[in-house]
Amino acid sequence: MPSDIEHYKKLSNDVTSQQDKINFFDQNQKAFYVDTYSDSWSKMMEAYAKDNNLSAEQLNDIEEMKWRDMPDTLKIYAYDFCILNGFVFTGVGK
């Protein structure tokens, strides 16, 4: 697992724009699930729903989408929450 974290952290060093965040999301689904201890994906989805005033049904609709079909706003939010500020990634050096 540490090798996965280091790999995705290194890839994230090249992310500089909103479009880069979207591309990273589309191409690196596994990166959003390497933090198995804190369950950052579920916490991110809860925070995204709250910040965007989504109903449980709206959130469920998003969760049922194919990975690349998810809204760009979620992709950027997920990158910031899980990768940029995620516990396992912030502890890994650049």
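Quick note: structure is the one above.
Cut-offs used in this document
- Residues numbered from 1 in each chain as written.
- Predicted model: local features only at pLDDT ≥ 70, side-chain atom pairs only at ≥ 80, totals over all residues.
- Heavy atoms only, no water.
- Helix = DSSP H or I, 4+ residues; strand = E, 2+ residues; numbered from the N terminus.
- Rg over C-alpha atoms; globule rule 2.2 N^0.38 Å.
- Buried < 20%, exposed > 50% of the residue type's maximum accessible area, 1.4 Å probe, protein only.
- Core = buried A, V, L, I, M, F, W, Y, C linked by side-chain atoms within 4.5 Å.
- Salt bridge = Lys/Arg side-chain N within 4 Å of Asp/Glu carboxyl O.
- Polar contact = N/O pair within 3.5 Å; in protein donor to acceptor, adjacent residues only side chain to side chain.
- Contact = heavy atoms within 4.5 Å.

A. A look at the overall build of the protein. Counting its secondary structure elements, the protein contains 6 helices and 0 strands. Listing every helix and strand of the protein by position from the N terminus yields α-α-α-α-α-α. Over its C-alpha atoms the protein spans a radius of gyration of 13 Å, differing by no more than 12% from the 12 Å that the globule rule assigns to 94 residues. Projected onto the principal axes, the alpha-carbon positions of the protein cover approximately 40 × 30 × 20 Å. Here the protein, with 94 residues, has 37% of them falling under the buried criterion.

B. Representation of the nonpolar core. Judged by nonpolar contacts, the single largest core of 24 residues is most densely connected at Phe-24, Phe-32, Trp-41, Met-44 and Ile-83. Among the elements of the structure, helix 1 (2-12), helix 2 (18-27), helix 3 (40-51), helix 4 (56-63), helix 5 (72-84) and helix 6 (87-90) are those that each provide at least two residues to this core.

C. Main features of the pattern of salt bridges. Enumeration according to the criterion identifies 4 salt bridges in this entry. What you see here is one network of salt bridges that share partners, running through Asp-26, Asp-72 and Lys-75.

D. Broad picture of the side chain of Asp-26. One can find Asp-26 in helix 2. Here Lys-75 takes part through its side chain, which lies 2.6 Å from a polar atom of the side chain of Asp-26. Discounting chain neighbours no more than four positions away, the residues touching Asp-26 are Trp-67, Arg-68 and Lys-75.

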